[in-house]
Amino acid sequence: MEEITALCKRRGFIFQSSELYGGVNGAWDYGPVGVELKRNVREAWWRDIVELRDDVVGLDSAILMAPAVWRASGHVENFHDQMVDCKTCKKRWRADHLTSDQCPACGNKTLTEPRAFNMMFKTSIGAMEDASSEAYLRPETAQGIFVDFKLAYQTARKKPPFGIAQIGKAFRNEITPGNFIFRSREFEQMELEYFVPTEPEAETMRWYDYWVNERFDWWMRLGVQHERLRKTAYAGKDLAHYSKATTDLEYDFPFGWGELEGIAHRGTFDLTQHVAASGKDLAFFDEESKEKYLPTVIEPSLGVDRALLVFLLDAFEREADRTVLHLHPRLAPYKAAVFPLVRNKPDIVELARTIEKSLRPSMRTTFDDSGNVGKRYYRQDEIGTPLCVTVDYDSLEQHDVTVRDRDTKAQVRVAVDSLGSYLRDRLADWSR
Ligand code: GAP
(Lines give C-alpha, C1' and ligand atoms only; values in the text may rest on other atoms or scores of the structure.)
Protein backbone atom coordinates (compact mmCIF):
# COMPACT_ATOMS: atom_id res chain seq x y z
CA MET A 1 0.00 0.00 0.00
CA GLU A 2 2.89 2.39 0.75
CA GLU A 3 4.32 1.71 -2.70
CA ILE A 4 1.01 2.48 -4.39
CA THR A 5 0.53 5.63 -2.29
CA ALA A 6 4.01 6.85 -3.21
CA LEU A 7 3.52 6.06 -6.89
CA CYS A 8 0.16 7.86 -6.88
CA LYS A 9 1.75 11.00 -5.53
CA ARG A 10 4.88 10.82 -7.69
CA ARG A 11 3.01 10.34 -10.96
CA GLY A 12 0.04 12.64 -10.33
CA PHE A 13 -2.70 10.13 -9.59
CA ILE A 14 -3.79 11.11 -6.08
CA PHE A 15 -2.82 13.80 -3.57
CA GLN A 16 -4.03 14.42 -0.07
CA SER A 17 -6.72 17.11 0.05
CA SER A 18 -5.38 20.54 1.12
CA GLU A 19 -1.87 19.18 1.55
CA LEU A 20 -0.58 22.76 1.46
CA TYR A 21 -2.34 23.36 4.78
CA GLY A 22 -1.36 20.10 6.42
CA GLY A 23 -4.06 17.99 4.79
CA VAL A 24 -7.62 16.95 5.58
CA ASN A 25 -8.10 13.44 6.87
CA GLY A 26 -10.34 11.29 4.68
CA ALA A 27 -10.47 13.50 1.58
CA TRP A 28 -8.41 13.14 -1.60
CA ASP A 29 -7.61 15.05 -4.79
CA TYR A 30 -7.13 13.34 -8.13
CA GLY A 31 -4.20 14.76 -10.12
CA PRO A 32 -3.77 15.08 -13.90
CA VAL A 33 -3.31 11.33 -14.43
CA GLY A 34 -5.64 10.20 -11.65
CA VAL A 35 -8.55 12.21 -13.00
CA GLU A 36 -8.27 10.34 -16.32
CA LEU A 37 -8.26 6.98 -14.53
CA LYS A 38 -11.24 8.00 -12.41
CA ARG A 39 -13.21 9.13 -15.46
CA ASN A 40 -12.43 5.79 -17.13
CA VAL A 41 -13.64 3.82 -14.09
CA ARG A 42 -16.94 5.71 -14.16
CA GLU A 43 -17.13 5.41 -17.92
CA ALA A 44 -16.56 1.62 -17.85
CA TRP A 45 -19.38 1.19 -15.32
CA TRP A 46 -21.80 3.57 -17.06
CA ARG A 47 -21.17 2.01 -20.45
CA ASP A 48 -21.76 -1.55 -19.24
CA ILE A 49 -24.63 -0.77 -16.86
CA VAL A 50 -26.52 1.91 -18.80
CA GLU A 51 -25.38 2.28 -22.41
CA LEU A 52 -25.10 -1.38 -23.40
CA ARG A 53 -28.45 -2.35 -21.83
CA ASP A 54 -31.97 -1.34 -22.77
CA ASP A 55 -33.41 -1.89 -19.29
CA VAL A 56 -31.44 0.75 -17.34
CA VAL A 57 -31.73 4.54 -17.44
CA GLY A 58 -29.52 7.14 -15.77
CA LEU A 59 -30.15 9.82 -13.16
CA ASP A 60 -28.19 12.65 -11.57
CA SER A 61 -29.93 13.75 -8.38
CA ALA A 62 -28.84 16.54 -6.02
CA ILE A 63 -26.53 16.00 -3.05
CA LEU A 64 -28.79 18.16 -0.87
CA MET A 65 -32.14 16.51 -0.30
CA ALA A 66 -35.09 17.12 1.99
CA PRO A 67 -34.07 16.02 5.52
CA ALA A 68 -37.29 13.97 5.62
CA VAL A 69 -35.65 11.62 3.10
CA TRP A 70 -33.04 10.56 5.66
CA ARG A 71 -35.62 10.08 8.38
CA ALA A 72 -37.70 7.89 6.06
CA SER A 73 -34.69 5.89 4.84
CA GLY A 74 -33.65 5.09 8.41
CA HIS A 75 -30.34 6.95 8.20
CA VAL A 76 -31.16 9.43 10.97
CA GLU A 77 -32.02 6.57 13.30
CA ASN A 78 -29.70 3.79 12.15
CA PHE A 79 -26.70 5.17 10.32
CA HIS A 80 -24.43 4.97 13.33
CA ASP A 81 -21.07 3.69 14.35
CA GLN A 82 -20.68 2.62 17.98
CA MET A 83 -17.80 4.65 19.42
CA VAL A 84 -15.75 4.49 22.59
CA ASP A 85 -13.58 7.31 23.96
CA CYS A 86 -10.40 6.91 25.98
CA LYS A 87 -10.68 9.08 29.10
CA THR A 88 -6.87 9.24 29.42
CA CYS A 89 -5.59 10.13 25.94
CA LYS A 90 -8.94 11.37 24.55
CA LYS A 91 -8.65 9.22 21.42
CA ARG A 92 -11.87 7.89 19.89
CA TRP A 93 -12.27 4.36 18.50
CA ARG A 94 -14.86 2.31 16.67
CA ALA A 95 -16.10 -0.26 19.19
CA ASP A 96 -16.09 -3.07 16.60
CA HIS A 97 -12.41 -2.39 15.82
CA LEU A 98 -11.24 -2.97 19.40
CA THR A 99 -10.00 -6.39 20.45
CA SER A 100 -9.74 -5.75 24.22
CA ASP A 101 -10.78 -3.21 26.88
CA GLN A 102 -7.41 -1.46 26.53
CA CYS A 103 -6.95 1.79 24.56
CA PRO A 104 -4.80 0.88 21.49
CA ALA A 105 -2.96 4.23 21.77
CA CYS A 106 -2.06 4.60 25.46
CA GLY A 107 -2.79 1.09 26.75
CA ASN A 108 -4.97 2.32 29.63
CA LYS A 109 -8.19 0.55 30.50
CA THR A 110 -10.07 3.82 30.59
CA LEU A 111 -12.48 3.38 27.69
CA THR A 112 -16.05 4.64 27.96
CA GLU A 113 -19.10 2.54 27.13
CA PRO A 114 -19.93 2.54 23.39
CA ARG A 115 -22.00 5.51 22.23
CA ALA A 116 -23.85 5.89 18.93
CA PHE A 117 -22.33 8.39 16.53
CA ASN A 118 -24.28 9.37 13.40
CA MET A 119 -22.10 9.43 10.31
CA MET A 120 -24.08 11.96 8.28
CA PHE A 121 -22.55 15.42 7.79
CA LYS A 122 -24.94 18.16 8.83
CA THR A 123 -25.25 21.47 7.06
CA SER A 124 -27.88 24.18 6.82
CA ILE A 125 -29.79 25.54 3.87
CA GLY A 126 -30.38 29.28 3.62
CA ALA A 127 -29.35 32.19 5.82
CA MET A 128 -30.83 30.96 9.09
CA GLU A 129 -29.04 28.29 11.07
CA ASP A 130 -31.80 26.70 13.08
CA ALA A 131 -33.59 23.38 13.23
CA SER A 132 -35.77 24.27 10.24
CA SER A 133 -32.75 24.85 7.95
CA GLU A 134 -30.92 21.69 8.94
CA ALA A 135 -29.93 19.39 6.09
CA TYR A 136 -27.51 16.55 5.42
CA LEU A 137 -24.91 15.83 2.78
CA ARG A 138 -26.16 12.57 1.28
CA PRO A 139 -24.40 9.48 2.66
CA GLU A 140 -25.44 7.42 -0.40
CA THR A 141 -26.77 8.20 -3.85
CA ALA A 142 -29.45 5.50 -3.66
CA GLN A 143 -32.12 7.61 -1.93
CA GLY A 144 -32.12 10.10 -4.82
CA ILE A 145 -33.14 7.22 -7.05
CA PHE A 146 -35.97 6.06 -4.77
CA VAL A 147 -37.34 9.57 -4.36
CA ASP A 148 -37.31 10.12 -8.16
CA PHE A 149 -38.43 6.58 -8.93
CA LYS A 150 -41.87 7.50 -10.26
CA LEU A 151 -40.72 10.52 -12.28
CA ALA A 152 -37.94 8.45 -13.84
CA TYR A 153 -39.98 5.41 -14.86
CA GLN A 154 -42.86 7.49 -16.15
CA THR A 155 -40.69 9.77 -18.27
CA ALA A 156 -38.53 6.87 -19.52
CA ARG A 157 -41.64 4.69 -20.05
CA LYS A 158 -40.09 1.71 -18.29
CA LYS A 159 -41.70 -1.14 -16.39
CA PRO A 160 -40.13 -3.65 -14.02
CA PRO A 161 -37.73 -5.29 -14.50
CA PHE A 162 -35.76 -2.12 -15.15
CA GLY A 163 -33.08 -0.12 -13.36
CA ILE A 164 -32.04 3.44 -12.55
CA ALA A 165 -28.30 4.11 -12.30
CA GLN A 166 -26.49 7.02 -10.73
CA ILE A 167 -22.89 8.12 -10.15
CA GLY A 168 -22.17 10.83 -7.63
CA LYS A 169 -20.53 12.09 -4.48
CA ALA A 170 -21.45 10.74 -1.06
CA PHE A 171 -20.26 11.91 2.35
CA ARG A 172 -19.79 9.98 5.58
CA ASN A 173 -18.17 11.23 8.73
CA GLU A 174 -16.17 8.02 9.12
CA ILE A 175 -14.48 7.75 12.51
CA THR A 176 -11.52 5.90 11.12
CA PRO A 177 -10.93 6.89 7.52
CA GLY A 178 -7.88 5.13 6.22
CA ASN A 179 -6.04 2.61 4.11
CA PHE A 180 -5.43 5.37 1.57
CA ILE A 181 -8.61 5.94 -0.47
CA PHE A 182 -10.31 2.75 0.77
CA ARG A 183 -12.35 4.54 3.42
CA SER A 184 -12.82 8.30 2.97
CA ARG A 185 -15.21 10.91 4.27
CA GLU A 186 -15.91 12.30 0.82
CA PHE A 187 -16.13 9.69 -1.93
CA GLU A 188 -18.08 8.78 -5.00
CA GLN A 189 -20.58 5.99 -5.49
CA MET A 190 -21.91 4.15 -8.52
CA GLU A 191 -25.28 2.67 -7.64
CA LEU A 192 -27.88 0.77 -9.59
CA GLU A 193 -31.36 0.30 -8.18
CA TYR A 194 -32.91 -2.48 -10.22
CA PHE A 195 -36.70 -2.72 -9.79
CA VAL A 196 -38.33 -6.10 -10.31
CA PRO A 197 -41.89 -7.44 -9.77
CA THR A 198 -42.31 -8.32 -6.10
CA GLU A 199 -44.17 -11.56 -6.88
CA PRO A 200 -43.16 -14.32 -7.17
CA GLU A 201 -40.43 -13.97 -4.54
CA ALA A 202 -38.34 -16.72 -6.15
CA GLU A 203 -38.06 -14.51 -9.22
CA THR A 204 -36.69 -11.63 -7.11
CA MET A 205 -34.02 -14.01 -5.79
CA ARG A 206 -33.19 -15.02 -9.34
CA TRP A 207 -32.59 -11.36 -10.17
CA TYR A 208 -30.45 -11.00 -7.04
CA ASP A 209 -28.28 -13.96 -8.13
CA TYR A 210 -28.14 -12.57 -11.64
CA TRP A 211 -26.70 -9.24 -10.40
CA VAL A 212 -24.22 -10.92 -8.03
CA ASN A 213 -22.82 -12.92 -10.96
CA GLU A 214 -23.03 -10.07 -13.45
CA ARG A 215 -21.08 -7.75 -11.15
CA PHE A 216 -18.47 -10.40 -10.32
CA ASP A 217 -17.90 -10.94 -14.06
CA TRP A 218 -17.52 -7.18 -14.62
CA TRP A 219 -14.40 -7.12 -12.46
CA MET A 220 -13.00 -10.11 -14.35
CA ARG A 221 -13.66 -8.48 -17.70
CA LEU A 222 -11.65 -5.47 -16.57
CA GLY A 223 -8.72 -7.72 -15.77
CA VAL A 224 -8.93 -8.13 -11.97
CA GLN A 225 -7.27 -11.39 -10.94
CA HIS A 226 -9.79 -14.09 -10.15
CA GLU A 227 -7.97 -15.39 -7.06
CA ARG A 228 -8.03 -11.93 -5.45
CA LEU A 229 -11.84 -11.63 -5.64
CA ARG A 230 -14.46 -13.52 -3.68
CA LYS A 231 -18.16 -13.40 -2.85
CA THR A 232 -19.30 -13.33 0.77
CA ALA A 233 -23.02 -13.78 1.48
CA TYR A 234 -24.57 -12.30 4.64
CA ALA A 235 -27.59 -13.51 6.53
CA GLY A 236 -29.63 -12.76 9.67
CA LYS A 237 -28.31 -10.16 12.09
CA ASP A 238 -25.33 -9.33 9.90
CA LEU A 239 -27.62 -7.75 7.31
CA ALA A 240 -28.16 -3.97 7.09
CA HIS A 241 -31.52 -2.76 8.40
CA TYR A 242 -33.02 -2.56 4.88
CA SER A 243 -31.75 -5.81 3.44
CA LYS A 244 -33.27 -9.27 2.94
CA ALA A 245 -30.06 -10.70 1.45
CA THR A 246 -26.65 -9.23 0.71
CA THR A 247 -23.52 -10.46 -1.00
CA ASP A 248 -20.30 -8.49 -0.77
CA LEU A 249 -17.71 -8.75 -3.48
CA GLU A 250 -14.44 -8.68 -1.58
CA TYR A 251 -10.90 -8.01 -2.71
CA ASP A 252 -7.69 -9.29 -1.18
CA PHE A 253 -6.25 -5.88 -0.20
CA PRO A 254 -2.73 -5.58 1.29
CA PHE A 255 -4.46 -5.17 4.69
CA GLY A 256 -6.68 -8.24 4.18
CA TRP A 257 -10.00 -9.04 2.52
CA GLY A 258 -12.23 -5.99 2.30
CA GLU A 259 -15.58 -5.02 0.77
CA LEU A 260 -15.40 -3.72 -2.72
CA GLU A 261 -19.02 -3.79 -3.79
CA GLY A 262 -22.28 -4.81 -2.15
CA ILE A 263 -25.23 -6.40 -3.91
CA ALA A 264 -28.31 -6.09 -1.71
CA HIS A 265 -31.85 -7.42 -2.00
CA ARG A 266 -33.65 -4.43 -0.45
CA GLY A 267 -37.17 -5.83 -0.86
CA THR A 268 -39.74 -3.01 -0.95
CA PHE A 269 -38.22 -1.34 2.13
CA ASP A 270 -37.25 2.02 0.64
CA LEU A 271 -40.32 2.64 -1.49
CA THR A 272 -42.57 1.58 1.41
CA GLN A 273 -40.79 4.05 3.70
CA HIS A 274 -41.11 6.92 1.24
CA VAL A 275 -44.79 6.20 0.59
CA ALA A 276 -45.45 6.27 4.34
CA ALA A 277 -43.38 9.40 4.99
CA SER A 278 -44.45 11.47 1.97
CA GLY A 279 -48.04 10.32 1.76
CA LYS A 280 -47.56 9.96 -2.01
CA ASP A 281 -48.43 6.89 -4.04
CA LEU A 282 -45.29 5.37 -5.57
CA ALA A 283 -46.87 2.08 -6.61
CA PHE A 284 -46.24 0.90 -10.12
CA PHE A 285 -49.36 0.26 -12.20
CA ASP A 286 -48.96 -2.43 -14.83
CA GLU A 287 -51.25 -1.49 -17.73
CA GLU A 288 -51.28 -5.04 -19.09
CA SER A 289 -52.05 -7.03 -15.94
CA LYS A 290 -53.87 -4.09 -14.27
CA GLU A 291 -51.87 -4.87 -11.15
CA LYS A 292 -50.59 -2.18 -8.80
CA TYR A 293 -47.59 -2.94 -6.61
CA LEU A 294 -44.40 -1.61 -5.05
CA PRO A 295 -41.49 -3.24 -6.86
CA THR A 296 -38.67 -5.06 -5.13
CA VAL A 297 -35.19 -3.57 -5.42
CA ILE A 298 -31.90 -5.30 -6.15
CA GLU A 299 -29.00 -2.92 -5.56
CA PRO A 300 -25.43 -3.35 -6.77
CA SER A 301 -23.50 -0.50 -5.13
CA LEU A 302 -19.81 0.37 -5.21
CA GLY A 303 -17.40 3.22 -4.64
CA VAL A 304 -15.55 4.79 -7.58
CA ASP A 305 -12.52 5.48 -5.39
CA ARG A 306 -12.46 2.01 -3.90
CA ALA A 307 -12.78 0.48 -7.37
CA LEU A 308 -9.93 2.67 -8.56
CA LEU A 309 -7.79 1.49 -5.66
CA VAL A 310 -8.51 -2.13 -6.57
CA PHE A 311 -7.61 -1.56 -10.21
CA LEU A 312 -4.35 0.11 -9.15
CA LEU A 313 -3.37 -2.58 -6.64
CA ASP A 314 -4.30 -5.38 -8.99
CA ALA A 315 -2.40 -3.89 -11.94
CA PHE A 316 0.72 -3.05 -9.94
CA GLU A 317 3.83 -5.11 -10.59
CA ARG A 318 7.42 -4.45 -9.60
CA GLU A 319 9.81 -6.07 -12.07
CA ALA A 320 13.62 -6.17 -11.89
CA ASP A 321 14.07 -3.06 -14.04
CA ARG A 322 10.73 -1.26 -13.83
CA THR A 323 7.42 -0.77 -12.10
CA VAL A 324 4.43 -1.38 -14.33
CA LEU A 325 0.69 -0.92 -14.06
CA HIS A 326 -0.95 -3.61 -16.21
CA LEU A 327 -4.18 -1.61 -16.39
CA HIS A 328 -6.85 -2.72 -18.81
CA PRO A 329 -6.71 -0.30 -21.80
CA ARG A 330 -10.28 0.84 -21.05
CA LEU A 331 -9.01 2.13 -17.72
CA ALA A 332 -5.51 3.31 -18.66
CA PRO A 333 -5.26 7.13 -18.31
CA TYR A 334 -3.53 7.37 -21.70
CA LYS A 335 -3.95 4.78 -24.44
CA ALA A 336 -0.84 5.84 -26.33
CA ALA A 337 2.21 8.02 -25.70
CA VAL A 338 4.12 9.59 -28.59
CA PHE A 339 7.85 10.43 -28.34
CA PRO A 340 10.33 12.06 -30.69
CA LEU A 341 13.57 10.04 -30.32
CA VAL A 342 15.50 13.29 -29.85
CA ARG A 343 14.27 16.75 -29.04
CA ASN A 344 16.91 18.73 -30.94
CA LYS A 345 15.91 17.57 -34.42
CA PRO A 346 12.96 19.76 -35.51
CA ASP A 347 11.76 17.40 -38.29
CA ILE A 348 11.46 14.50 -35.85
CA VAL A 349 9.77 16.61 -33.18
CA GLU A 350 7.33 18.05 -35.69
CA LEU A 351 6.37 14.64 -37.08
CA ALA A 352 5.88 13.29 -33.54
CA ARG A 353 3.67 16.26 -32.66
CA THR A 354 1.63 15.88 -35.85
CA ILE A 355 1.11 12.17 -35.17
CA GLU A 356 0.08 12.75 -31.56
CA LYS A 357 -2.38 15.45 -32.57
CA SER A 358 -3.88 13.29 -35.32
CA LEU A 359 -4.55 10.48 -32.80
CA ARG A 360 -6.28 12.73 -30.24
CA PRO A 361 -9.84 12.57 -31.61
CA SER A 362 -9.89 8.77 -31.38
CA MET A 363 -7.95 8.03 -28.18
CA ARG A 364 -6.48 9.76 -25.12
CA THR A 365 -2.82 10.42 -25.88
CA THR A 366 0.17 12.13 -24.33
CA PHE A 367 3.37 13.58 -25.74
CA ASP A 368 6.72 13.24 -23.98
CA ASP A 369 10.10 14.55 -25.11
CA SER A 370 11.95 14.81 -21.80
CA GLY A 371 14.85 12.52 -20.85
CA ASN A 372 15.89 9.58 -23.01
CA VAL A 373 13.50 7.03 -24.49
CA GLY A 374 14.26 4.49 -21.76
CA LYS A 375 13.15 6.98 -19.08
CA ARG A 376 10.00 7.80 -21.03
CA TYR A 377 9.07 4.10 -21.28
CA TYR A 378 9.67 3.82 -17.55
CA ARG A 379 7.32 6.75 -16.84
CA GLN A 380 4.59 5.45 -19.15
CA ASP A 381 4.84 1.91 -17.69
CA GLU A 382 4.33 3.39 -14.23
CA ILE A 383 1.08 5.06 -15.27
CA GLY A 384 -0.08 2.07 -17.30
CA THR A 385 0.05 3.44 -20.88
CA PRO A 386 -0.50 0.34 -23.07
CA LEU A 387 1.31 1.55 -26.21
CA CYS A 388 4.25 3.90 -26.86
CA VAL A 389 5.05 5.31 -30.29
CA THR A 390 8.58 6.54 -31.08
CA VAL A 391 9.42 8.73 -34.07
CA ASP A 392 13.11 8.38 -35.09
CA TYR A 393 15.49 9.22 -37.95
CA ASP A 394 14.18 6.36 -40.10
CA SER A 395 10.65 7.69 -39.68
CA LEU A 396 11.59 10.70 -41.80
CA GLU A 397 12.75 8.50 -44.68
CA GLN A 398 10.43 5.50 -44.41
CA HIS A 399 7.40 7.20 -42.86
CA ASP A 400 7.03 4.55 -40.18
CA VAL A 401 7.37 4.48 -36.38
CA THR A 402 8.18 2.05 -33.56
CA VAL A 403 5.25 0.86 -31.44
CA ARG A 404 6.16 -0.69 -28.13
CA ASP A 405 3.86 -2.90 -26.03
CA ARG A 406 3.70 -2.13 -22.27
CA ASP A 407 3.22 -5.71 -21.09
CA THR A 408 5.61 -7.64 -23.36
CA LYS A 409 7.99 -4.75 -24.23
CA ALA A 410 7.84 -6.10 -27.83
CA GLN A 411 8.46 -3.52 -30.56
CA VAL A 412 7.17 -3.41 -34.13
CA ARG A 413 7.49 -0.95 -37.01
CA VAL A 414 4.18 0.44 -38.25
CA ALA A 415 3.52 2.75 -41.22
CA VAL A 416 2.40 6.21 -40.13
CA ASP A 417 -0.56 6.05 -42.53
CA SER A 418 -2.02 3.00 -40.80
CA LEU A 419 -0.91 3.87 -37.25
CA GLY A 420 -4.35 5.02 -36.04
CA SER A 421 -6.14 1.86 -37.13
CA TYR A 422 -3.25 -0.31 -35.88
CA LEU A 423 -3.42 1.21 -32.38
CA ARG A 424 -7.22 1.04 -32.25
CA ASP A 425 -7.13 -2.65 -33.25
CA ARG A 426 -4.49 -3.44 -30.65
CA LEU A 427 -6.46 -1.69 -27.90
CA ALA A 428 -9.67 -3.42 -28.95
CA ASP A 429 -7.92 -6.82 -28.99
CA TRP A 430 -6.74 -6.24 -25.44
CA SER A 431 -10.32 -5.62 -24.41
CA ARG A 432 -11.56 -8.99 -25.55
N1 GAP B 1 -26.72 2.25 -0.98
C2 GAP B 1 -26.04 1.19 -0.30
C3 GAP B 1 -24.75 1.61 0.28
O4 GAP B 1 -24.44 2.78 0.31
P5 GAP B 1 -22.60 0.69 1.45
O6 GAP B 1 -22.12 -0.75 1.59
O7 GAP B 1 -22.67 1.52 2.65
O8 GAP B 1 -24.01 0.56 0.74
C9 GAP B 1 -21.57 0.88 -0.95
O10 GAP B 1 -21.68 1.39 0.36
C11 GAP B 1 -20.16 0.98 -1.47
O12 GAP B 1 -19.69 2.32 -1.36
C13 GAP B 1 -19.13 0.14 -0.71
O14 GAP B 1 -19.08 -1.18 -1.18
C15 GAP B 1 -17.83 0.87 -1.03
O16 GAP B 1 -17.33 0.48 -2.29
C17 GAP B 1 -18.30 2.32 -1.10
N18 GAP B 1 -18.05 3.02 0.17
C19 GAP B 1 -18.81 3.02 1.27
N20 GAP B 1 -18.28 3.78 2.24
C21 GAP B 1 -17.13 4.29 1.74
C22 GAP B 1 -16.12 5.16 2.25
N23 GAP B 1 -16.19 5.68 3.46
N24 GAP B 1 -15.06 5.45 1.44
C25 GAP B 1 -14.99 4.94 0.19
N26 GAP B 1 -15.91 4.13 -0.33
C27 GAP B 1 -16.98 3.80 0.41
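Remember, predicted model here, so these are calculated numbers, not experimental data.

**Examining empty space enclosed by the protein**
Working step 1: According to the stated counting rule, one finds one cavity of 30 Å³ or more in the structure shown.
Working step 2: Of the voids in this model, the largest cavity is the one considered here, and its volume is about 40 Å³.
Working step 3: In terms of lining, the largest cavity is formed by D48, I49, R53, W211, E214, R215, W218 and R221.
Working step 4: At the level of secondary structure, the elements contributing two or more residues to the lining of the largest cavity comprise α2 (34–51) and α7 (201–221).
Working step 5: Here the lining of the largest cavity gets five residues from one element, more than from any other, and that element is α7.
Working step 6: Here the lining of the largest cavity is built from residues that sort into three nonpolar, no polar and five charged.

**Observations concerning the packing of aromatic side chains**
Working step 1: Across all of its chains, the model carries 22 aromatic pairs by this definition.
Working step 2: Relative to F253, the ring of Y251 has its centre 5.2 Å away and its plane inclined at 80 degrees; by these criteria the two rings are edge-to-face.
Working step 3: Aromatic rings pair up to connect F146, F149, Y153, F162, F195, F284 and Y293 into one cluster.
Working step 4: Taking the ring centre of W218 as reference, the NZ or CZ of R215 above it sits at 4.4 Å.
Working step 5: The cationic tip of K231 hangs over the ring face of F216; the distance from NZ or CZ to the ring centre is 4.8 Å.

**Description of the site of the ligand**
Working step 1: Around the ligand, the surrounding shell holds 21 residues, and the nearest of these are E140, R172, S184, E191 and E259.
Working step 2: The separation between a nitrogen atom of the ligand and a polar side-chain atom of E191 is 2.5 Å.
Working step 3: In the environment of the ligand, a nitrogen atom lies 2.9 Å from a nitrogen or oxygen atom belonging to the side chain of E299.
Working step 4: Put simply, the parts of the chain that give the shell around the ligand at least two residues each are β10 (186–196), β13 (256–267) and β16 (296–303).

**Comments concerning the packing of α2 against helix α9 (residues 304–315)**
The description of two helices packed together rests on the angle between their axes and the distance between the axes.
Working step 1: Where α2 contacts α9, the axes come no closer than 10 Å and their chain directions differ by 110 degrees. Considering the angle they form, α2 stands roughly perpendicular to α9. On the side of α2, the interface is formed by G34, L37, K38, V41 and R42, while α9 contributes V304, D305, A307, L308, F311 and L312.
Working step 2: In the contact of α2 with α9, the residues fall into seven nonpolar, one polar and three charged.

**Points about the pattern of salt bridges**
Working step 1: One pass over the structure, following the stated rule, counts 38 salt bridges.
Working step 2: With its nearest N and O atoms 3.6 Å apart, the salt bridge here joins K159 to E288. Of the two residues, K159 is situated in the loop between α6 (149–156) and β9 (162–171) and E288 in the loop between β14 (284–286) and β15 (291–293); the sequence distance between them amounts to 129 residues.
Working step 3: In this structure, R379 and D368 form a salt bridge, with 2.8 Å as the shortest nitrogen-oxygen distance. Taken together, the positions of R379 in helix α11 (residues 373–383) and D368 in the loop between β20 (365–367) and α11 put the pair eleven residues apart, joining distant regions of the chain.
Working step 4: Salt bridges sharing common partners tie together K38, R42, E188 and D305.

**As for the side chain of D369**
Working step 1: Looking at the element boundaries, D369 is found in the loop between β20 and α11.
Working step 2: Notably, D369 is buried but unbridged: the nearest opposite-charge side chain belongs to R343, and the N-O separation is 4.0 Å.
Working step 3: If near-sequence neighbours (up to four positions away) are discounted, D369 is found in contact with P340, R343, R353 and R376.

Calculation notes
- Residues numbered from 1 in each chain as written.
- Predicted model: local features only at pLDDT ≥ 70, side-chain atom pairs only at ≥ 80, totals over all residues.
- Heavy atoms only, no water.
- 1 Å grid on protein atoms, 1.4 Å probe; cavity = no way out; pocket = protein on both sides within 12 Å on 5 of 7 lines; lining within 4 Å.
- Points joined across faces, edges and corners; volume = space filled by probe spheres on them.
- Helix = DSSP H or I, 4+ residues; strand = E, 2+ residues; numbered from the N terminus.
- Nonpolar A, V, L, I, M, F, W, Y, C, P; charged D, E, K, R; others polar.
- Phe/Tyr/Trp six-rings, centres within 6.5 Å; stacked < 30°, edge-to-face > 60°.
- Lys NZ or Arg CZ within 6 Å of the ring centre and 35° of its normal.
- Near = heavy atom within 4 Å.
- Polar contact = N/O pair within 3.5 Å; in protein donor to acceptor, adjacent residues only side chain to side chain.
- Axes fitted to C-alpha atoms, helices over the stretch in contact; angles between N-to-C directions.
- Parallel < 35°, antiparallel > 145°, perpendicular 65-115°, else oblique.
- Contact = heavy atoms within 4.5 Å.
- Salt bridge = Lys/Arg side-chain N within 4 Å of Asp/Glu carboxyl O.
- Buried < 20%, exposed > 50% of the residue type's maximum accessible area, 1.4 Å probe, protein only.
- Lys, Arg positive; Asp, Glu negative; His and termini not counted.

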